[in-house]
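# Summary of structural features
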Amino acid sequence: MYKRIAIALGAALVIGWQVSATPKGAAQLVSAVKWDQSEDWFGGFSAIEVTPDGAEFTALTDSGTLVAGSFLRDDGVIQSVQHASFEAVQDKQGVIKKEYQRDTEGLAINAEGRRFISFEGRHQVFAYRKSGGRGTALKRHADFLKMERNGSLEALAIDEQNRLYTLAETPTDAWDDLPVYRFENGRWAQAFTISARNGFRPVGADFGPDGRFYLLERKFNGIGFRTRVRRFDVSSGQVTGEEMLLLTGTGTHDNLEGLAVWQDGDDDVRLTMISDDNFLFYQRTEVVEYRVPSEL
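Residues numbered from 1 in each chain as written. Predicted model: local features only at pLDDT ≥ 70, side-chain atom pairs only at ≥ 80, totals over all residues. Heavy atoms only, no water.

## With respect to the overall build of the protein
Along the backbone of the protein there are one helix and 22 strands. The C-alpha radius of gyration of the protein comes to 18 Å, within 12% of the 19 Å expected for a compact globule of 296 residues. Principal axes of the C-alpha set define a box for the protein whose edges measure 45 × 45 × 40 Å. Expressed as a percentage of contacts within the protein between residues at least 6 apart in sequence, the contacts between residues at least 24 apart total 53%. As displayed, the protein has an accessible area near 13400 Å², and 45% of this comes from carbon and sulfur atoms. If the 34 positive side-chain charges of the protein are averaged to one point and the 43 negative ones to another, these points end up 7 Å apart. (Helix = DSSP H or I, 4+ residues; strand = E, 2+ residues; numbered from the N terminus. Rg over C-alpha atoms; globule rule 2.2 N^0.38 Å. Contact = heavy atoms within 4.5 Å. Areas by Shrake-Rupley, 256 points an atom, 1.4 Å probe, with all protein chains shown as cover. Lys, Arg positive; Asp, Glu negative; His and termini not counted. Charge placed at Lys NZ, Arg CZ, Asp CG, Glu CD.)

Here is the structure:
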């Protein structure tokens, strides 16, 4: 994270968060649980995937660590987070030694269990056939190399047809809106664009059980973070039915970066999100979950 943001966050700790009383949107808060461990690898979470029953998760840190764990729930509400294992993300050469090359941001797992991880500094996505294995680099789109080093491929998502999508936190100068790219037949192509508004930047994405595209966005306003979640109907390159499901005030949550969308036993959509504490003592790692009623 940029130094000026870190300084501003430190100041926010001193003066206190400015918290809005009630987030806007249809999503209803279910739980917000702080997660803390003493291991060196812990922190900086940038992505999360959750099993269809909401019991287990795989999370990714932006320092190149994959973490597997589970949620302890009571009547569907997360009470605590427990990790089971962790492993270093590899590229095609093996364990990544250079820090700037380990900036892993996006995570997606397809129906066969194959993992995909995006590397922000490299502007590239790697595919993994098994846990703990070396990655295979997917060929870049020409737009990727034009992206900012600290604003590149931030999110990954997989649709019902098992196709992989990605988008950048900061688009290139050629785009006013947010281009979303799809990997199909061995190459990336632009699939559709999402409107960009009000200074929010995309940091996480997922396709829900309803087939719609969910986008997690954040905004840093100098003293803290705001969170927004929108969803869209996407078909044949057309984007329709935009809904704003969640819009928080500053400091309601920490720096939420990872999003997993699944369906609970009541057929409601759950939005499970995880925050990136940037390995700073005055930020916090939290797992936040919202419910979107099925009638919407």
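## Section: the sheet that holds strand 8 (residues 104-109)
Spatially, four strands are ordered 8-9-10-11 in an open sheet, and the strand pairing comes out antiparallel. With one partner strand each, in any of the chains shown, strand 8 and strand 11 (136-137) form the two edges of the open sheet. Pairing analysis gives five bridges linking strand 8 to strand 9 (residues 115-119), with the strands arranged antiparallel. Bridged to L107 within strand 9 is I117. (Pairing = 2+ DSSP bridges.)

## Notes on the nonpolar core
Counting 17 residues, the largest nonpolar core has W35, F45, I48, F57 and F71 as the members making the most contacts within it. Looking at this core, the elements with two or more residues in it are strand 2 (45-50), strand 3 (56-61), strand 4 (65-74), strand 5 (77-88) and strand 20 (256-263). With three residues, the single largest contributor to this core is strand 2. Excluding residues within four positions of it along the chain, F45 makes contact with W35, A59, L60, T61, V67, E257, I274, S275, D276 and T285. In this structure, A27, L259, V261 and V292 belong to the second largest nonpolar core, which totals 16 residues. (Core = buried A, V, L, I, M, F, W, Y, C linked by side-chain atoms within 4.5 Å. Buried < 20%, exposed > 50% of the residue type's maximum accessible area, 1.4 Å probe, protein only.)

## Thoughts on the layout of surface pockets
Taken as a whole, the second largest pocket spans an internal volume of roughly 540 Å³. Forming the boundary of the second largest pocket are 22 residues, of which E49, V50, P52, I109 and V261 lie nearest the centre. When contributions to the lining of the second largest pocket are tallied by element, the ones reaching two or more residues are strand 2, strand 3, strand 16 (201-207) and strand 20. For the lining of the second largest pocket, the leading source of residues is strand 20, giving four residues. (1 Å grid on protein atoms, 1.4 Å probe; cavity = no way out; pocket = protein on both sides within 12 Å on 5 of 7 lines; lining within 4 Å. Points joined across faces, edges and corners; volume = space filled by probe spheres on them.)

## With respect to the pattern of salt bridges
Once the charged atoms of two side chains with opposite charge are near each other, the side chains can pair. Considering all chains together, one arrives at 22 salt bridges under this definition. We note a salt bridge from R218 to E169, for which the minimum N-O separation is 2.9 Å. Of this pair, R218 sits in strand 17 (residues 213-220) while E169 sits in the loop between strand 13 (164-168) and strand 14 (178-184), and the two are 49 residues apart along the sequence. A residue is classified by how much of its surface remains accessible, and R218, at 11% relative accessible area, is buried. Linking R270 and E289 is a salt bridge whose minimum nitrogen-to-oxygen distance equals 2.7 Å. Residue R270 is found in strand 21 (residues 269-275), and its partner E289 is found in strand 22 (residues 286-292); the two are separated by 19 residues along the sequence. Using a relative accessible area of 0% as the deciding quantity, one classes E289 as buried. When salt bridges with common partners are traced through the structure, they connect R197, E217, R228, R230 and E242 into a single cluster. (Salt bridge = Lys/Arg side-chain N within 4 Å of Asp/Glu carboxyl O.)

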